[in-house]
Amino acid sequence: MCGIIGYIGEKKVSDVLVKGLSRLEYRGYDSAGIAVLNEDGISVFKEAGKLSQLKQMIHGVELTGHLGIAHTRWATHGEPSQRNAHPHTDCTETVAIVHNGIIENHEEIRASLIRQGHEFRSDTDSEVIAHLIEEYHVKKGMSLVQAVRVMLGQLEGSYALCAISQKDLNQFVAARNGSPLVVGVGRGENLVASDAPALLDHTRHVIFLDDHQMAVIKRDSVEIFDQHGKPVKHEVHRIDWDADEASKQGYDHFMLKEIEEQADMVERILRTRLRGELSEHLFDVLKFDQSEFNNVERIVIQGCGTSWHAALIGKFLFEALAGLPTEVDVSSEFRYRHLVYQPNTLVLSITQSGETIDTLMGVRRGKSQTYKTVSICNVLGSTIARESDGVIYTQAGPEIGVASTKAYLAQMTILILLSLYFGKTRNKISGSIYDEFVSELRTIPSKLKQVIQEKEKIREIALKYYEARDFLFLSRGINYPNAHEGALKIKEIGYIHATGHPAGEMKHGPIALIDEKMPVVCIAVRSSVYEKMISNIREVKARHGKVIAIATEGDSSIKSIVDDCVYIPACSEFLSPLLVAVPLQYLAYYVSVLRGNDVDQPRNLAKSVTVE
Ligand code: F6R
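What counts and how
- Residues numbered from 1 in each chain as written.
- Predicted model: local features only at pLDDT ≥ 70, side-chain atom pairs only at ≥ 80, totals over all residues.
- Heavy atoms only, no water.
- UniProt positions renumbered as here; feature names shortened; annotations may be inferred.
- Helix = DSSP H or I, 4+ residues; strand = E, 2+ residues; numbered from the N terminus.
- Contact = heavy atoms within 4.5 Å.
- Buried < 20%, exposed > 50% of the residue type's maximum accessible area, 1.4 Å probe, protein only.
- Expected span 1.5 Å × (residues − 1).
- Core = buried A, V, L, I, M, F, W, Y, C linked by side-chain atoms within 4.5 Å.
- Domains from an automatic or database assignment.

- By the naming in an unreviewed UniProt entry, the chain goes by Glutamine--fructose-6-phosphate aminotransferase [isomerizing] and is assigned to Candidatus Danuiimicrobium aquiferis.
- The Function (unreviewed entry) field of the UniProt record for the chain holds the comment "Catalyzes the first step in hexosamine metabolism, converting fructose-6P into glucosamine-6P using glutamine as a nitrogen source."
- Of the comments in the UniProt record for the chain, the one headed Subcellular location (unreviewed entry) reads "Cytoplasm".

Have a look at this one:
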């Protein structure tokens, strides 16, 4: 959480930083700030609230200089306010820093610095970084690079940080441990940011810093060092996304754009993964022998939020199509619970950002049990991708809306492919069934386009219910995780209390909530549990609940028993979660818009959850 950026080069630094922050704002939007360095010193501008507040503040200010750092905050220590906004400076205002992460021993360091006469101006953990650098750089005369290195030796916790000094106009220093940091390698300019989209306006060539590495960034060079100051060889990667993918391209919101690009995205994923034998194009990274993967006897899938919902769908797929016993756990539970060792277990981690701390700890937990770890991940070079033994990238492109949409569909697509792969290698499905699935899978992009045509209908439904106080979502079988997903979306961007349930659980409690005001979204597509779902709908109607059904095209009978109905094209039960998810996304989207909420940056949330 929090986004940082640093720049040195010919361009007007304030413009580069503000644009970069706009690409990182999904990481936190409690406050924003920039520090620009020039011969007159360091100019710091920071403001509570979204980036637009900062933009207003610096509008018309002539900021010269070609070196600067910037930050967008998701508050951890200290309330969201101007005083707690980054950049932070030392007592002498020689040094400015921006930080993403948590300094766990900040209280101890702060107390000791106060005893030495330092004055603190914020309640943040991060400010100690500026004062520690002051101790070594300003008071003891060390270079900025040396001072940062010595300072890092005193920090416990996680950080991605950038530091600039008035005594050094030609470089800035960046370092990481536990929070992401990417260096952008340009021509006559270099940058650092928390995430690649902030760099793409300037370069596609990036270096992913590892933990305990420090980068010294000059206009014409980038040097990477380990914690002992030893130069480290680094690989320069090329990013295939372009800057446009991370912009709204005329849509009102990123979320809407991301919902509507899902058909093309699924088509692209299938094209890449199915361009020959699936086995050849399954992994992007595999650090162990593929035969070990094929011999897996149990899968444990872990993830958080929407990625956890994808994991729940994965369980249905692996068990039904590949006969593979599968457990699913929320990462924050998996990392702490008692694990019973079983050989040939694969820990499969699902994550859009690749930085979610609980999921990362789940990967490490899996490794500590000597299990092989494979991640399904969207962000290239992210921490989870790098720490896992194998990676399948979802290739969804940058997801900027805080509510996950296209990453979810991409995760499900990969899980379907993986279950088919296991089904085939374990002889649980025949070659012809496999071929049938693959050819049906190829029809999904056009079916997704058909679902998108239903959006006006869904907007009308949203108009009827957007003022509701609660929502219930019910489903059964492979679509039951979609009931959780529908509820999560309504909660996070609609700010409406909502819960998702397997419909069979209704009679065990939640049915007491039903009255004539309660909208109940019932996923009742044609499947092995369709009739059971219809009975559950009748139970809701008997108690005067308002039923919004998601049903299969051609099912005209359902219309007569529900209040509203959205149709999806007919498809195999196993592929239906891909189509069902889309009306749920639209419903939450329109409810959020009608309630006047901030769709892309809902309150209290951040896109990448790097704190516990
Ligand atoms: C919901 C949402 C979150 C994320 C969760 C995990 O719309 O976006 O619930 O799914 O924070 O994030 P990743 O997938 O990045 O690990």
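Once the structure has been displayed, the description carries forward.
## As for the environment of Met 412
Then, number 1: Summarising the element assignment, Met 412 is placed in helix 13 (residues 406-425).
Then, number 2: Expressed as a C-alpha distance, the spacing of Met 412 and Pro 481, which sit 69 residues apart in the sequence, is 11 Å.
Then, number 3: For Met 412, the residues in contact, after removing those within four places along its chain, are Ile 313, Pro 577, Leu 578 and Ala 581.

## Remarks on the UniProt feature "active site" (unreviewed entry) in the chain
Then, number 1: Following the UniProt record, the feature "active site" (unreviewed entry) maps to Cys 2 and Lys 607 here. For the residues just named, distributed over 606 residues, the greatest C-alpha separation is only 9.4 Å, placing them together at one site.
Then, number 2: Along the chain, the position of Cys 2 falls in the segment before strand 1 (3-8).
Then, number 3: You can call Cys 2 buried: its relative accessible area is 8%.
Then, number 4: For Cys 2, the residues in contact, after removing those within four places along its chain, are Arg 27, His 71, Thr 72, Arg 73, Trp 74, His 99, Asn 100 and Ser 194.
Then, number 5: Along the chain, Lys 607 turns up in the segment after helix 19 (576-594).
Then, number 6: Setting aside residues up to four positions removed in sequence, Lys 607 forms contacts with Tyr 26, Arg 27, Gln 352, Glu 399, Ile 400, Gly 401, Val 402, Ala 403 and Ser 404.

## Looking at helix 18 (residues 530-542)
Then, number 1: Here helix 18 is 13 residues long and its end C-alpha atoms lie 18 Å apart, about the 18 Å a rise of 1.5 Å per residue gives.
Then, number 2: Looking at helix 18, one finds that the buried residues are Tyr 530, Met 533, Ile 534, Asn 536, Ile 537, Glu 539 and Val 540.
Then, number 3: Looking at the buried side of helix 18, the elements it contacts are strand 21 (470-475), strand 23 (519-524) and strand 24 (546-552).
Then, number 4: His 544 sits one or two positions beyond helix 18 and adopts a positive phi of about 70°.

## Some details on the nonpolar core
Taken as a class, soluble globular proteins show a tendency for nonpolar side chains to be buried jointly.
Then, number 1: In terms of nonpolar packing, the biggest core is built from 91 residues, with Phe 293, Leu 409, Phe 422, Phe 471, Phe 473 and Leu 587 touching the most fellow members.
Then, number 2: Both domains that meet at this core, namely domain 2 (254-442) and domain 3 (452-594), each give it at least three residues.
Then, number 3: Among all residues touching Leu 409, those that are not within four sequence positions of it are Gln 262, Met 265, Val 266, Leu 448, Leu 578, Ala 581, Val 582 and Gln 585.
Then, number 4: Core analysis: the next-biggest nonpolar cluster, separate from the first, contains 28 residues, Val 36, Ile 58, Ala 193 and Trp 241 among them.

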